[in-house]
Amino acid sequence: MRTIYFDCFSGASGDMLLGALVDLGVDLASVRAELKKLPLDGYRLESRRVERSALSATKVDVIVGENVEGPGGRVHRHGHTVSHDRHHNHEHSHEHSHEHNHDHGHEHGEGHSHDHSHAQDSGRPSMNLSRILDVIASSSLSEKTRQRAADAFRRLGDAEARAHGTTPEDVHFHEVGAVDAIVDVVATMVAFELLGIERFCSSPLNVGGGTVAFSHGTYPVPGPATLELLRGVPIYSGAVKKELVTPTGAAILTSVVEYWGPLPAFVVDRVGYGAGTRDVQGHPNVLRVMLGTTSEEESGPGSVVVLEAAIDDMTPEATGYFLERALAAGALDVYVTPIQMKKNRPGILLTLLAEPVDRERFSRLVFQETTTIGLRYSEVARTVLDRQRVSVETAVGPIHVKVARLDGDVVSASPEFEDCREAAIRTGLPVRRIQAMAAAAFAGRNE
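Note that the structure is a prediction, hence the values are computed from the model and not measured.

Our focus in this paragraph is the overall build of the chain. Tallying secondary structure elements over the chain gives 11 helices and 26 strands in all. The proportion of buried residues among the 447 residues of the chain is 51%.

Tallied over the full model, the rule gives 3 cavities of 30 Å³ or more. By volume, the largest cavity is sized at about 200 Å³. Lining the largest cavity are 13 residues; nearest its centre among them are Arg155, Arg162, Arg361, Arg364 and Gln368. Elements supplying a minimum of two residues to the lining of the largest cavity: helix H4 (143-164), helix H6 (224-229) and helix H9 (359-369). A breakdown of the residues in the lining of the largest cavity according to their chemical character gives 2 nonpolar, 1 polar and 10 charged.

Glancing now at the packing of H4 against helix H8 (residues 316-328). In contact at an axis separation of 10 Å, H4 and H8 are set at 90° when each is read in the N-to-C sense. Compared by their axis directions, H4 and H8 come out roughly perpendicular. In this structure, H4 contributes Gln147, Asp151 and Arg154 to the contact, and H8 contributes Tyr321, Glu324, Arg325 and Ala328. Residue composition of the contact of H4 with H8, grouped by class: 2 nonpolar, 1 polar and 4 charged.

Here we come to H4. Between its first and last C-alpha, H4 extends 31 Å over 22 residues, near the 32 Å set by a 1.5 Å rise per residue. Within two residues after H4, Gly165 carries a phi angle of roughly 65°, on the positive side.

A few words now on the pattern of salt bridges. Applying the stated criterion to the full structure yields 18 salt bridges. The residue Lys59 makes a salt bridge to Asp15 at a minimum N-O spacing of 3.3 Å. Placement of Lys59 in strand S3 (residues 55-64) and of Asp15 in helix H1 (residues 14-24) is noted, with a sequence separation of 44 residues between them. When sorted by exposure, Lys59 lands in the same class as Asp15, which is buried. Ionic pairing is found between Glu258 and Arg199, a salt bridge with its closest N-O pair at 3.7 Å. Residue Glu258 is found in the loop between helix H7 (247-256) and strand S17 (259-260), and its partner Arg199 is found in strand S12 (residues 199-202); the two are separated by 59 residues along the sequence. We note that Glu258, like Arg199, is buried.

Before going further, it helps to spend a moment on the nonpolar core. In terms of nonpolar packing, the biggest core is built from 66 residues, with Phe6, Leu45 and Phe153 touching the most fellow members. Take this core: its biggest share by element is 13 residues, from helix H5 (residues 175-195). Once you skip the residues sitting within four places of it in the chain, Phe153 turns out to touch Leu129, Ile132, Leu133, Ile136, Ala181, Ile182 and Val185. Val305, Phe322, Ala329 and Val366 belong to the second largest nonpolar core, which has 17 residues in total.

Before going further, it helps to examine the side chain of Arg155. Topologically, Arg155 is positioned in helix H4. Excluding residues within four positions of it along the chain, Arg155 makes contact with Leu229, Ala251, Thr254, Ser255, Ala329 and Arg361.

Here we take up the confidence of the model for the chain. Averaged over every residue, the pLDDT of the chain is 82; residues scoring 70 or more account for 82%. Ranking the elements of the chain by mean pLDDT puts strand S8 (residues 102-107) last with 32 and strand S21 (residues 333-340) first with 96. This stretch, residues 67-124, has a pLDDT under 50; its non-local contacts, to residues over four places away or in other chains, come to 212 contacts.

Take a nonpolar patch on the surface next. Residues Leu385, Leu406 and Val411 make up a contiguous nonpolar surface patch of roughly 240 Å² in combined accessible area. Mapping Val411 onto the fold places it in strand S26 (residues 409-415). A residue is classified by how much of its surface remains accessible, and Val411, at 47% relative accessible area, is partly exposed.

Here the focus is the pairing of S3. In terms of burial, S3 is largely enclosed, as 8 of its 10 residues are buried. One ladder, built from 10 bridges, connects strand S2 (residues 43-52) with S3; its direction is antiparallel. The residue bridging Arg48 from the neighbouring strand is Lys59, located in S3. Between S2 and the antiparallel strand that follows it, S3, lie 2 residues; Ser53 among them carries a positive phi value of about 50°.

In this fold, Ser363 is placed in helix H9. Within the structure, the side chain of Ser363 is placed 2.8 Å from the backbone oxygen of Arg359, a separation counted as a polar contact. Not counting chain neighbours up to four residues away, the residues in contact with Ser363 comprise Leu307 and Leu375.

Calculation notes
Residues numbered from 1 in each chain as written. Predicted model: local features only at pLDDT ≥ 70, side-chain atom pairs only at ≥ 80, totals over all residues. Heavy atoms only, no water. Helix = DSSP H or I, 4+ residues; strand = E, 2+ residues; numbered from the N terminus. Buried < 20%, exposed > 50% of the residue type's maximum accessible area, 1.4 Å probe, protein only. 1 Å grid on protein atoms, 1.4 Å probe; cavity = no way out; pocket = protein on both sides within 12 Å on 5 of 7 lines; lining within 4 Å. Points joined across faces, edges and corners; volume = space filled by probe spheres on them. Nonpolar A, V, L, I, M, F, W, Y, C, P; charged D, E, K, R; others polar. Axes fitted to C-alpha atoms, helices over the stretch in contact; angles between N-to-C directions. Parallel < 35°, antiparallel > 145°, perpendicular 65-115°, else oblique. Contact = heavy atoms within 4.5 Å. Expected span 1.5 Å × (residues − 1). Salt bridge = Lys/Arg side-chain N within 4 Å of Asp/Glu carboxyl O. Core = buried A, V, L, I, M, F, W, Y, C linked by side-chain atoms within 4.5 Å. pLDDT = per-residue confidence, 0-100. Patch = residues over 30% accessible without salt bridge, like charges linked within 9 Å, V, L, I, M, F, W, Y side chains within 5 Å. Areas by Shrake-Rupley, 256 points an atom, 1.4 Å probe, with all protein chains shown as cover. Pairing = 2+ DSSP bridges. Polar contact = N/O pair within 3.5 Å; in protein donor to acceptor, adjacent residues only side chain to side chain.

Below, the structure is given as structure tokens:
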């Protein structure tokens, strides 16, 4: 199984994540080509080699504005060189629409000026959460990339709203910051898909320390929105007294990571380093990522948390949407069972399986996206077979097969349906025929 591990000993941000993926070998030209599928212009994406405490790393910058001709052909001026949303010098606004008018700016740990404008009409162009989600949804990006990017922005909007006592729809991003954030998040999700990553793992997050100054006062690190995003995630504070985890970095990681903890057992193929802007003396200000393979997805005894909710007032459309969101957010499994509830009402039992460390994160998702007002959870033991994902060659191209073993012997081999579905759409052949071709190819290689 294609596995990535984020080693966040110096935190994480959008530009560091993208830089590390490019350092792993992701073709930046391919990322740029995918970004052209967004109805967005006025930016360009650049990368360069830098050193951070004698470590060589890749620095990715989003250039927004000055004489930049975007995919739509429109030229923007008044440029900003930005690498969202960490350690760079540009003004990035979130505007929360209220009847009072005041601005508060604060300096992030490494030179990032970030201000929130609580104004009914700031006079500056901005984009709210719905507009950003529309930009993503209306693109021709793959469904997986769209879902992941949208989930990250929903998390970011929810966190900003909770931190500032408003609603997600009242959170507005100043236009430069919005373009910057969209490019960072979508480019990172594109890179994940280009690498074919199937399992996302991360170390606990070093959030930094010290304080961050707002016009209203001085607040501790991590910042309010970042801390909201990191509920249920293992974090710690190290020796560096700077802000090390940003809201965008936290939103990306919490939308894909399914395991938080020490480095798991897997074979490392490649290592990449993504740089922050500042070179901290004696501390490599980089995010290290490791890309490799695991022979088993989940093996041996372990435990999972089971979340359940009985619901009798939710539409089928909303139910299907929740299932998609939960799986995109990293749930191990999620399903519904028809049940008969009190007063003879037909309903569903919603069941979600997740890693124990993700219980609070998925509990919040259940409450946000379903009509239930309560849920129950329990941690249960489980035993699973060793599993491996292998690729077989067929007449319609390579198809992945999920192989399960007991004591080393193959007990089942199932062609990946999404691979078969894509091949069926591409070739016009029946999907069942392609599944049979893949099963026969696997059987032939093991005779």
